[in-house]
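# A closer look at the structure
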Amino acid sequence: MVWAETASLYSEMCDAEGWNTMQVIDIPVVNDLTMKVALTVLTRCAYGQHLPWNMSEGAIDVHQLAEALIVVSETFMERIVLPSWMFRLPIPHLQKIEKAYGVLTRHMNNLIQNHRVDHTHEGSQKFDVFSLLLDARESEGKLSMTDGEIMGNTFFVLWAGHETMSHIWDATIGLLALYETIQQEMYEEVIRISPEGETIAFKDADKLNKILCCFLEAGRLFPAGYLLMRQTTEDTVLNTYDENGPNGSIALGCGANVCIDMIGMHYNPRHFPDPEEYRPSRWYGVSESDLSLFSLGPRACIGRKFALTEACCFLSHLLRDWRLEITLKAGETRSQWRSRVLDAKVNMTFGVGDVLVKLVKRSTSSK
């Protein structure tokens, strides 16, 4: 479902933006594009709501839902931190947040009610996250999730996967545009699967490992989830190191709270030699269970497969059709472009600033 929706959305985007008739496209802020792609795919697959790429052409309720989702995902922390009474004050920004939450809550309640009706009809099963949670509840008896818990869990999937995916895509696109040799290697992997430019199928995803490694390496350099909070379940001793090797240990009692610095880990030369270099080959042959970008163990990111599938599909279709290029200022080197454009930013997540790239349509002969 994730692959099909991502491929479909890519096609809709190219058509709606007029890319199919253009040879060169300047994208001043890649971030705006990737945010919209990530949000739309997640909405389709998490809620089963088919938001169109050109939302102004959709029905009013679809447009309102899309706007509400954007507002809610961008103001999540404000809603948590501020007391509820503040949202009743005549402050436009807070009223906008309150209205968005109201639209989203009403819409999800309607989905729950419609699901109860649809469930009585044989063959009406849906496979989006929201519907699967509702189906699971039917068999869980008195310990099943409430409506509020289902809505909260579904929204968390949306919030956790929206901005994080977008930021890693931004870095991946910028880095591939910067490193032409790596981009060419990835393009050659894609055209072996799609020599005539046809749609790339989900059954071919496991043949696009190098494409995924580009995404993983961008995520190592700019890990969207830059802090992990964990708690020890038993007395633990951690070995410590410096540039010369082991230099001691730290004892942690059971129940100790631990904050894991993902940026520090991913830039540690003991684990990643020449950590500042963009080197997708680091991940060649690494098993999915060892992908540190998504954390490890039983608390690893539950959206890992979703993210990898979406990234592989979107990037492979993009590289199939377009050559990514950077635009240098007068006298600027490629190294200087990287320092200027791929500048790390920390907000709710860790990522890059505004990425400007140029898309150049690949010629028929190159395919």
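Residues numbered from 1 in each chain as written. Predicted model: local features only at pLDDT ≥ 70, side-chain atom pairs only at ≥ 80, totals over all residues. Heavy atoms only, no water.

The name recorded for the chain in an unreviewed UniProt entry is Cytochrome P450, from Favolaschia claudopus.

Turning next to the overall build of the chain. When you go through the chain residue by residue, the secondary structure sums to twelve helices and nine strands. Projecting the C-alpha coordinates of the chain onto the three principal axes gives extents of approximately 65 × 60 × 45 Å. A burial count over the chain gives 44% of its 367 residues as buried. Considering only residue pairs separated by 6 or more positions, the chain has 69% of its internal contacts joining residues 24 or more positions apart. Counting only carbon and sulfur atoms, one obtains 55% of the accessible surface of the chain, whose full area is about 19200 Å². (Helix = DSSP H or I, 4+ residues; strand = E, 2+ residues; numbered from the N terminus. Buried < 20%, exposed > 50% of the residue type's maximum accessible area, 1.4 Å probe, protein only. Contact = heavy atoms within 4.5 Å. Areas by Shrake-Rupley, 256 points an atom, 1.4 Å probe, with all protein chains shown as cover.)

In this model, helix α2 (residues 30–47) (18 residues) spans 25 Å end to end at C-alpha, consistent with the 26 Å of a helix rising 1.5 Å per residue. Most of α2 is tucked away: 15 of the 18 residues are buried. Just downstream of α2 lies Gly48, where phi reads positive at about 70 degrees. (Expected span 1.5 Å × (residues − 1).)

Let us look at empty space enclosed by the protein. In total, this model carries one cavity of 30 Å³ or more according to the counting rule given. Quantified by volume, the largest cavity comes out at close to 40 Å³. For the largest cavity, the full set of lining residues is Trp19, Ile27, Val30, Leu33, Ile173, Leu318, Val357 and Leu359. Mapped onto the lining of the largest cavity, the elements with two or more residues apiece are α2 and β9 (357–361). Classifying every residue of the lining of the largest cavity by side-chain character gives eight nonpolar, no polar and no charged. (1 Å grid on protein atoms, 1.4 Å probe; cavity = no way out; pocket = protein on both sides within 12 Å on 5 of 7 lines; lining within 4 Å. Points joined across faces, edges and corners; volume = space filled by probe spheres on them. Nonpolar A, V, L, I, M, F, W, Y, C, P; charged D, E, K, R; others polar.)

Turning next to the layout of surface pockets. Its volume calculated, the second largest pocket comes out at about 880 Å³. Taken together, 27 residues line the second largest pocket, and the ones lying closest to its centre are Arg230, Leu238, Val258, Ile260 and Met265. Grouping the constituent residues of the lining of the second largest pocket by class yields eleven nonpolar, eleven polar and five charged.

On to the pattern of salt bridges, then. Counted under the stated rule, the structure contains 13 salt bridges. Salt-bridge contacts for Arg44 lead to Glu12; the nearest nitrogen and oxygen are separated by 3.1 Å. Of the two residues, Arg44 is situated in helix α2 and Glu12 in helix α1 (residues 2–16); the sequence distance between them amounts to 32 residues. Owing to a relative accessible area of 2%, Arg44 belongs among the buried residues under this scheme. A relative accessible area of 24% places Glu12 in the partly exposed class. A salt bridge links Asp204 to Lys207, with the shortest nitrogen-to-oxygen separation between them at 3.4 Å. When its relative accessible area of 9% is taken as the criterion, Asp204 is described as buried. Three or more residues are tied together by salt bridges with common partners; here these are Glu5, Glu12 and Arg44. (Salt bridge = Lys/Arg side-chain N within 4 Å of Asp/Glu carboxyl O.)

With that settled, the discussion passes to the nonpolar core. The biggest cluster of nonpolar side chains holds 71 residues, and the ones touching the most others in it are Met13, Trp19, Trp169, Phe215 and Phe314. Counting 26 residues, the second largest nonpolar core, distinct from the first, contains Ala46, Leu65, Leu69 and Phe76. (Core = buried A, V, L, I, M, F, W, Y, C linked by side-chain atoms within 4.5 Å.)

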